[in-house]
Amino acid sequence: MTTARAFVIGHPIGHSRSPMMHGYWIEQAGLDATYEKRDVPPEALAAFLAEFRANRWTGCNVTIPHKLAVMELVDEVQDVARAMGAVNCIWWEGDTLTGGNTDAMGFIGHLDDCHPGWDKDASRAVVLGAGGAARAAAYGLRARGLSVDLCNRTATKAQSLATHLGRDIAGHGNEALPSLLGRADLLVNTTSLGMIGQPQLDIDLAGMKPTAIIYDVVYVPLETPLLRQAAARGLRTVDGLGMLIHQGAEGFRRWFGITPEATADLRRLLEEDI
Ligand code: ATR
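Residues numbered from 1 in each chain as written. Predicted model: local features only at pLDDT ≥ 70, side-chain atom pairs only at ≥ 80, totals over all residues.

1. So, the overall build of the protein chain
Thought 1: Within the protein chain, the regular secondary structure consists of ten helices and twelve strands.
Thought 2: Overall size of the protein chain, expressed as C-alpha extent along the three principal axes, is 60 × 40 × 35 Å.
Thought 3: The buried share of the protein chain, taken over its 274 residues, is 43%.
Thought 4: Long-range pairs, those at least 24 residues apart, make up 60% of the contacts in the protein chain with a sequence separation of at least 6. (Helix = DSSP H or I, 4+ residues; strand = E, 2+ residues; numbered from the N terminus. Buried ≥ 20, exposed ≤ 12 C-beta atoms within 10 Å, placed from the backbone. Contact = placed C-beta atoms within 7 Å.)

2. Some thoughts on the packing of helix H1 (residues 18–29) against helix H9 (residues 241–256)
Thought 1: Remark: H1 packs on H9, axes separated minimally by 11 Å, with the N-to-C direction vectors making an angle of 50°. It follows from the interaxial angle that H1 and H9 lie oblique. Between H1 and H9 the crossing geometry is right-handed. Seen from H1, the contacting residues are Ser-18, Met-21, His-22, Trp-25 and Ala-29; seen from H9, they are Ile-245, Gly-248, Phe-252 and Phe-256.
Thought 2: Grouping the amino acids of the contact of H1 with H9 by side-chain chemistry returns six nonpolar, three polar and no charged. (Axes fitted to C-alpha atoms, helices over the stretch in contact; angles between N-to-C directions. Parallel < 35°, antiparallel > 145°, perpendicular 65-115°, else oblique. Left-handed = near helix turned anticlockwise from the far one by under 90°. Nonpolar A, V, L, I, M, F, W, Y, C, P; charged D, E, K, R; others polar.)

3. Some remarks on H1
Thought 1: For H1, with twelve residues, the first-to-last C-alpha span of 16 Å sits near the 16 Å given by 1.5 Å per residue.
Thought 2: Those residues of H1 lying buried are Ser-18, Met-21, His-22, Trp-25 and Ile-26. With its buried residues spanning 130° around the axis, H1 presents them on a single face.
Thought 3: Where H1 ends, the next residue or the one after it, Gly-30, has phi of about 65°, a positive value. (Expected span 1.5 Å × (residues − 1). Arc of directions from axis to C-beta.)

4. Re the pairing of strand S5 (residues 89–93)
Thought 1: Sheet analysis places strand S3 (residues 59–62) next to S5, joined by three bridges and oriented antiparallel. Residue pairing across strands places Cys-60 opposite Ile-90, the latter belonging to S5.
Thought 2: The pairing of S5 with strand S6 (residues 96–100) spans five bridges and is antiparallel. Bridging from a neighbouring strand, Ile-90 pairs with Gly-99 of S6.
Thought 3: Once S5 ends, the chain turns through two residues before running back antiparallel as S6, passing Gly-94 with a positive phi of about 65°. (Pairing = 2+ DSSP bridges.)

5. Focus on unusual backbone geometry
Thought 1: Along the chain, His-11 connects to Pro-12 via a cis peptide bond; the corresponding omega equals -5°.
Thought 2: Position of Pro-12 relative to the elements: it lies in the loop between strand S1 (4–10) and H1.
Thought 3: Going from Ile-64 to Pro-65, the amide bond is cis rather than trans, its omega being 10°.
Thought 4: Relative to the assigned elements, Pro-65 resides in the loop between S3 and strand S4 (76–77).

6. Some points on the domain arrangement of the protein chain
Thought 1: Domain assignment breaks the protein chain into domain 1 (4–101 + 243–272) and domain 2 (105–239).
Thought 2: Contacts between the two partners involve eleven residues from domain 1, matched on the other side by 14 residues from domain 2.
Thought 3: Within the residue set of the side of domain 1 that touches domain 2, elements represented by two or more residues are helix H3 (79–84) and H9.
Thought 4: It is H9 that contributes the most residues to the side of domain 1 that touches domain 2, five residues altogether. (Domains from an automatic or database assignment.)

7. Quick look at the site of the ligand
Thought 1: Within the structure, the ligand sits among 15 residues, and Gly-131, Gly-132, Arg-153, Thr-154 and Thr-191 are positioned closest to it.
Thought 2: At three residues, the largest contribution of residues to the shell around the ligand is made by helix H5 (residues 132–143).
Thought 3: Looking at the shell around the ligand residue by residue, the class counts come to five nonpolar, eight polar and two charged. (Near = placed C-beta within 6 Å.)

8. Focus: the pairing of strand S7 (residues 124–128)
Thought 1: Across the five residues that make up S7, a large majority, four, are buried.
Thought 2: Pairing between S7 and strand S8 (residues 147–152): five bridges, direction parallel. Bridge pairing links Val-126 to Asp-149 in S8.
Thought 3: Handedness of the β-α-β unit built from S7, H5 and S8 comes out right-handed.
Thought 4: Summarising the sheet, S7 and strand S10 (residues 186–189) pair through four bridges and their orientation is parallel. If you follow Val-127 over to S10, its bridge partner there is Val-188. (Right-handed = clockwise from strand over helix to strand, strands pointing away.)

9. What to know about the environment of Val-217
Thought 1: Position of Val-217 relative to the elements: it lies in the loop between strand S11 (213–216) and helix H8 (225–232).
Thought 2: Val-217 gets classed as buried once you count the C-beta atoms within 10 Å, which come to 29.
Thought 3: Once residues lying within four places of it in the same chain are set aside, the contact partners of Val-217 are Ala-133, Val-188, Asn-189, Thr-190, Gly-240 and Met-243.

10. Some details on the sheet that holds S8
Where strands meet in a sheet, backbone hydrogen bonds hold them as pairs that are either parallel or antiparallel.
Thought 1: With respect to topology, six strands assemble into an open sheet ordered S9-S8-S7-S10-S11-S12, the strand pairing being parallel. The open sheet has two edge strands with one neighbour each: strand S9 (169–173) and strand S12 (236–238). With direction set aside, neighbouring strand axes in the sheet form an average angle of 20°.
Thought 2: Each of S7, S8, S9 and S10 touches H5; the most contacted strand, S8, lies at about 165° to it.
Thought 3: Most of the contacts of H8 go to S11, to which it runs at about 165°, and overall it touches S10, S11 and S12.

Given below as structure tokens:
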């Protein structure tokens, strides 16, 4: 039997946490498989995909700058990836090379893990930002029956993203935030504010429902000022590292047919790498 091979491709590929994570799961499951990091410049993307097909490699994570270009090079692109405007994972469905996006499922999977049943009485979410992570959060939350208000420094970006995503999602400038917070069941930060080296997010959670959940996609540091404020007010919190793990797990499941676990050991390994 030949060794199964999976990859993460990007340019520049730089530091990626994916090899450590998938390497951990491969070892845990005792698979005869490898997960390799490959620097693939844009002009070599088509050749890489041809090589991938010829060798019938198992799967691949796709990162910047290939997330859009790779759509033209697979046989099928899932709706979720079209909605995200990005393919971040490819795998075989029979003989069909398929491109998908695991961010929305990763986002929701971590929320389910942290607060099972969280969506029982939840109907509205506020998502800060209008980039890729905001798309994933909004898409995933709507799929679970919530309506979503996107608030962004650049209002037009939030509004055009809302139009692109369609029903139950609205876009606003940040000035709308104070009036939206009080009725939200969930607040999600997808901006880089609060990350080490960035300014803090200037937000007062005082008016939020006591049952609200605060989810910060930022995971450097793990406990952001936003999550600290939420915890101090007795609100439930969700950190960003778990989203990374859960989106990785979605890819692993498609490649190897095994749903790997977000164990405390794996979290510790990734935390040491932050
Ligand atoms: P990703 O794709 O990783 O989610 P991104 O596309 O870089 O990230 O998006 C970052 C988001 O953070 C954007 O919505 C950005 O707002 P703009 O659309 O106005 O640029 C938001 N953001 C970044 N720095 C910010 C700041 N200092 N204040 C407010 N919002 C900020």
